[in-house]
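Coordinates in review
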Amino acid sequence: MHRDPAELLRAAADGDRSAWDELESRFGPLMWAVARACGLSPSDAADVVQGAWLRLLQHLESIRDPAGVGGWLATTVRREALLLLRRDRPGVFSFEVVDDPDPAAAVLETDDRQLLWKTVSALHEPCRTLLQLVAIDLGSRQTAMRLGLPMGSVGPTRARCLEKLRTLISSQEMAQ
Amino acid sequence: MINDEYVLAALRLAAGNDPIPAHVSTAAREVYGLRVPRARTATPVECAAIRTSSGPRGDDGSHLVRFVSSGLTFDLEVTVGDGLIDVAGQVVPYPGEGALVDVKTPHLTLTRRIAHNGHFAATGLPPGWLSVVCHRPGHAPVQTRWVRIRP
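Residues numbered from 1 in each chain as written. Chains lettered and ligands numbered in written order. Predicted model: local features only at pLDDT ≥ 70, side-chain atom pairs only at ≥ 80, totals over all residues. Heavy atoms only, no water.

Moving on: the overall build of chain B. Across its full length, chain B carries two helices and ten strands. Starting at the N terminus and ending at the C terminus, chain B contains elements arranged as α-α-β-β-β-β-β-β-β-β-β-β. Split into buried and exposed, the 151 residues of chain B put 46% on the buried side. Of the contacts formed within chain B by residues at least 6 apart in sequence, a portion of 48% connects residues at least 24 apart. Entry remark: accessible area of chain B is about 6900 Å², with carbon and sulfur atoms responsible for 52%. (Helix = DSSP H or I, 4+ residues; strand = E, 2+ residues; numbered from the N terminus. Buried < 20%, exposed > 50% of the residue type's maximum accessible area, 1.4 Å probe, protein only. Contact = heavy atoms within 4.5 Å. Areas by Shrake-Rupley, 256 points an atom, 1.4 Å probe, with all protein chains shown as cover.)

So, in structure tokens, the structure goes:
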């Protein structure tokens, strides 16, 4: 039986370990993807993902929108990842618990990964190839070589392409 | 504010090139074993009394952090050395005879009796995530928010 996120949260708060495992199955992969997309190394990403689950454990009963727990987890990971990237000194680190998830995190909740690829394929070059290379984590140097771009223009071009992709995704969502 | 990371993450998920490692999933599932039913959460607060000119940091490189819940304050002094962390703490007011603290990390929990002046200590903990739980007879447990100790 497929339980919705709000049911899973309630069940986990009541001591149902299988509900927690189901939350992990459903949202663990996207949390990992967010941490890595923020530029964290695998070990820092693992640390941040674990921290987000610890946060959830202490807020099982106080999340404002239980149905949106996926967005809450993704937002928690992103904020913690950005905090980790800013702080390179030793110390004790905490941060405010997320009240409202970032609306942009909703893009992760779509189950239709094929549609995302189709949308990327519909972009003009160099965006189409660039985003395909970004998706497989090819570094800036290799991306520049593959696309015949100067190294310095990969970052700005990537930002423009992501903006185009985001606009297309938004218009698809509006049309639905 | 533009959150490119979410679109990038969606692309990474779609590519399937960097799946979540099994040990990360396992660690996430094991987090549930750290649940403290009925616990109230003590949250970190800024406090002038524990700040020094260099921020909440002692002269010996230790780090000071205060957590407050209704009726209970935890002051923790965290020292990092040789890759391990030591925690010296005080619970105020003294929670009474029979009170215990659990100093928790995802991998290790050390239980300590609280002295009459509210002090407790735990040494040799792994760096990473840390939380302290105070158990008082006849009361719900009070647990500090999880914080990350970076060596």
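Now that the structure has been shown, we can carry on.
Residue and element names in this part refer to chain B. Buried residues of helix 2 (residues 22–30): Val 24, Ser 25 and Ala 28, and no others. Looking straight down helix 2, one finds that the buried residues subtend no more than 100° of arc, so they occupy a single side. Exposed and facing more than 90 degrees away from the buried side of helix 2 are Ala 22, His 23 and Glu 30. (Arc of directions from axis to C-beta.)

Right, let's talk about the pairing of strand 6 (residues 109–113) of chain B for a bit. Residue and element names in this part refer to chain B. Relative to strand 6, strand 5 (residues 100–104) is paired through five bridges, and the arrangement is antiparallel. Its bridge partner lying in strand 6, Val 103 is registered against Leu 110. Where strand 5 folds back onto strand 6 in an antiparallel hairpin, the turn is made up of four residues. (Pairing = 2+ DSSP bridges.)

Turning our eyes to something else, we now look at the state of the cysteines. All chains considered together, the criterion is met by one disulfide over all chains. Among the cysteines around A:Cys38, which has no disulfide bond, A:Cys161 carries the closest sulfur, lying 19 Å off. (Disulfide = S-S within 2.5 Å.)

Residues and elements named next belong to chain B. Burial of strand 4 (residues 84–92) is one-sided: the residues Ile 85, Val 87, Gly 89 and Val 91 facing one way are buried, the residues Leu 84, Asp 86, Ala 88, Gln 90 and Val 92 facing the other way are not. Hairpin connection of strand 3 (residues 72–81) to strand 4: two residues between the antiparallel strands, including Asp 82 at a positive phi of 55°. In this sheet, strand 7 (residues 119–125) lies alongside strand 4 in antiparallel orientation, the contact comprising five bridges. In the strand pairing of strand 7, Gly 89 is matched with Phe 120.

Right, let's talk about the domain arrangement of chain A for a bit. Segmenting chain A into domains produces domain 1 (5–109) and domain 2 (113–175). A separation of 26 Å is found between the C-alpha centroids of domain 1 of chain A and domain 2 of chain A. (Domains from an automatic or database assignment.)

In many reports, interface size means the accessible area that the parts give up when they come together. Taken together, the contacts link 47 residues of chain B with 67 residues of chain A. Buried area between chain B and chain A, both sides added, is near 5500 Å², and the carbon and sulfur share of it is 62%. Counting the contacts that link chain B with chain A gives seven salt bridges. In this structure, A:Arg78 and B:Glu5 form a salt bridge, with 2.8 Å as the shortest nitrogen-oxygen distance. At the junction of chain B with chain A, the criterion picks out 26 residue pairs in polar contact (both at pLDDT 80 or more). Sorting the residues of the side of chain B that touches chain A by element identifies helix 1 (4–15), helix 2, strand 1 (40–45), strand 2 (63–69), strand 9 (142–144) and strand 10 (147–150) of chain B as the ones contributing at least two each. (Buried area = accessible area lost by both parts, 1.4 Å probe. Salt bridge = Lys/Arg side-chain N within 4 Å of Asp/Glu carboxyl O. Polar contact = N/O pair within 3.5 Å; in protein donor to acceptor, adjacent residues only side chain to side chain.)

Moving on, we come to the confidence of the model for chain A. Counting all residues, the mean pLDDT for chain A is 88, and 93% of those residues have values of 70 or more. The secondary structure element of chain A with the lowest average pLDDT is strand 1 (residues 91–93) of chain A, at 72, and the one with the highest is helix 2 (residues 17–37) of chain A, at 96. (pLDDT = per-residue confidence, 0-100.)

In this section: the packing of helix 2 of chain A against helix 3 (residues 42–58) of chain A. All names here are of chain A. Closest axis-to-axis distance for the helix 2/helix 3 pair is 10 Å, and the angle between their directions is 140°. Considering their axes alone, helix 2 and helix 3 lie oblique with respect to each other. Remark: the crossing between helix 2 and helix 3 carries right-handed chirality. Contacts from Trp 20, Leu 23, Glu 24, Phe 27, Gly 28, Met 31, Trp 32, Ala 35 and Arg 36 in helix 2 reach Pro 42, Ala 45, Ala 46, Val 49, Ala 52, Trp 53, Leu 56 and Leu 57 in helix 3. Its residues placed into classes, the contact of helix 2 with helix 3 shows 14 nonpolar, one polar and two charged. (Axes fitted to C-alpha atoms, helices over the stretch in contact; angles between N-to-C directions. Parallel < 35°, antiparallel > 145°, perpendicular 65-115°, else oblique. Left-handed = near helix turned anticlockwise from the far one by under 90°. Nonpolar A, V, L, I, M, F, W, Y, C, P; charged D, E, K, R; others polar.)

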